[in-house]
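Take a look at the letters that make up each chain.
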Amino acid sequence: MAFQIESPAFGNGEMIPKKYTCDGDDVSPPLKWKDVPEGTKSLALICDDPDAPLMTWVHWIVYNIPPEKDGLKENIPKEEKIEEGMQGKNSWGKIGYGGPCPPGAKPHRYFFKLYALDSMLNIEPGIKKKKLMKEMEGHIIAKAELMGLYKR
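Here the structure is a predicted model, which is why all the values come from computation and not from measurement. (Residues numbered from 1 in each chain as written. Predicted model: local features only at pLDDT ≥ 70, side-chain atom pairs only at ≥ 80, totals over all residues. Heavy atoms only, no water.)

Caption draft 1: Representation of the overall build of the chain within the structure. Secondary structure assignment for the chain yields one helix and nine strands. Order of helices (α) and strands (β) in the chain, N terminus to C terminus: β-β-β-β-β-β-β-β-α-β. The C-alpha atoms of the chain give 14 Å as radius of gyration, which agrees with the globular expectation for 152 residues (15 Å, within 12%). Overall size of the chain, expressed as C-alpha extent along the three principal axes, is 45 × 35 × 25 Å. Sequence separation of 24 or more characterises 70% of the internal contacts of the chain that already satisfy a separation of 6 or more. Element-wise, carbon and sulfur atoms account for 51% of the exposed surface of the chain, whose accessible area totals about 7,600 Å². Here the chain carries 22 positive and 22 negative side-chain charges, and the mean point of each set is 6 Å from the other. (Helix = DSSP H or I, 4+ residues; strand = E, 2+ residues; numbered from the N terminus. Rg over C-alpha atoms; globule rule 2.2 N^0.38 Å. Contact = heavy atoms within 4.5 Å. Areas by Shrake-Rupley, 256 points an atom, 1.4 Å probe, with all protein chains shown as cover. Lys, Arg positive; Asp, Glu negative; His and termini not counted. Charge placed at Lys NZ, Arg CZ, Asp CG, Glu CD.)

Caption draft 2: Representation of the packing of aromatic side chains within the structure. Applying the stated rule across the entire model yields three aromatic pairs. Relative to Trp92, the ring of Trp57 has its centre 5.4 Å away and its plane inclined at 75 degrees; by these criteria the two rings are edge-to-face. Remark: Trp92 occurs in the loop between strand S7 (85-87) and strand S8 (108-117) and Trp57 occurs in strand S4 (residues 57-65); sequence separation between them is 35 residues. Its relative accessible area of 23% is what places Trp57 among the partly exposed residues. Its relative accessible area of 39% is what places Trp92 among the partly exposed residues. (Phe/Tyr/Trp six-rings, centres within 6.5 Å; stacked < 30°, edge-to-face > 60°. Buried < 20%, exposed > 50% of the residue type's maximum accessible area, 1.4 Å probe, protein only.)

Caption draft 3: A look at the pattern of salt bridges. Counting across every chain of the model gives 13 salt bridges. Across the pair Arg152 and Asp23 runs a salt bridge whose closest N-O atoms are separated by 2.6 Å. Highlighted residues: Arg152 in the segment after strand S9 (140-150) and Asp23 in the loop between strand S1 (4-6) and strand S2 (31-34), separated in sequence by 129 residues. Salt-bridge contacts for Lys32 lead to Asp70; the nearest nitrogen and oxygen are separated by 3.7 Å. Placement of Lys32 in strand S2 and of Asp70 in the loop between S4 and strand S5 (71-72) is noted, with a sequence separation of 38 residues between them. Given a relative accessible area of 39%, Lys32 falls into the partly exposed group. The network of salt bridges with shared partners includes Lys69, Lys73, Glu83 and Glu84. (Salt bridge = Lys/Arg side-chain N within 4 Å of Asp/Glu carboxyl O.)

Caption draft 4: Here's a closer look at the side chain of Ser119. Mapping Ser119 onto the fold places it in the loop between S8 and helix H1 (129-136). Among the residues examined, Ser119 registers a relative accessible area of 17% and is labelled buried.

Caption draft 5: Representation of the environment of Ala52 within the structure. By the element assignment, Ala52 lies in the loop between strand S3 (42-49) and S4. Ala52 gets classed as buried once you look at its relative accessible area, which sits at 13%. Counting along the chain gives 51 residues from Ala52 to Pro103, while the straight-line C-alpha distance between them is 8.0 Å. Excluding anything up to four places from it in sequence, Ala52 contacts Trp57 and His108.

By themselves, these are just geometric observations and shouldn't be taken as functional.
This is how it looks when you write it as structure tokens:
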């Protein structure tokens, strides 16, 4: 089987429920994954919006997730160190999840990218996406992706 990520809250290519956006409770959605590759020492999750004006907007970073975890529960606390690993800073400069909040009337795509890594990352909480991607270079075993849509 292939490495996969999904959400009980929305299917791939479907609309993200309002609850998980800035128009709702702005809590992180529940995520589940399966078939983590053999040899995985940690997982990293990046959620971003490539349709944002000017730049890809980062909504969530979680890393050093133990490979035996099979997902993230709904409403992960917005703290650097969590039971599931560590969280980085989103594009608002805040720790934890920041839900979809797109300008305009056109739907944006939100990619939840899960990386299987061959090591734990020796980095402090609060990292930004660019530095995390650099730290993951040469350590990615596999990648799984879930895409949700949202428009206001």
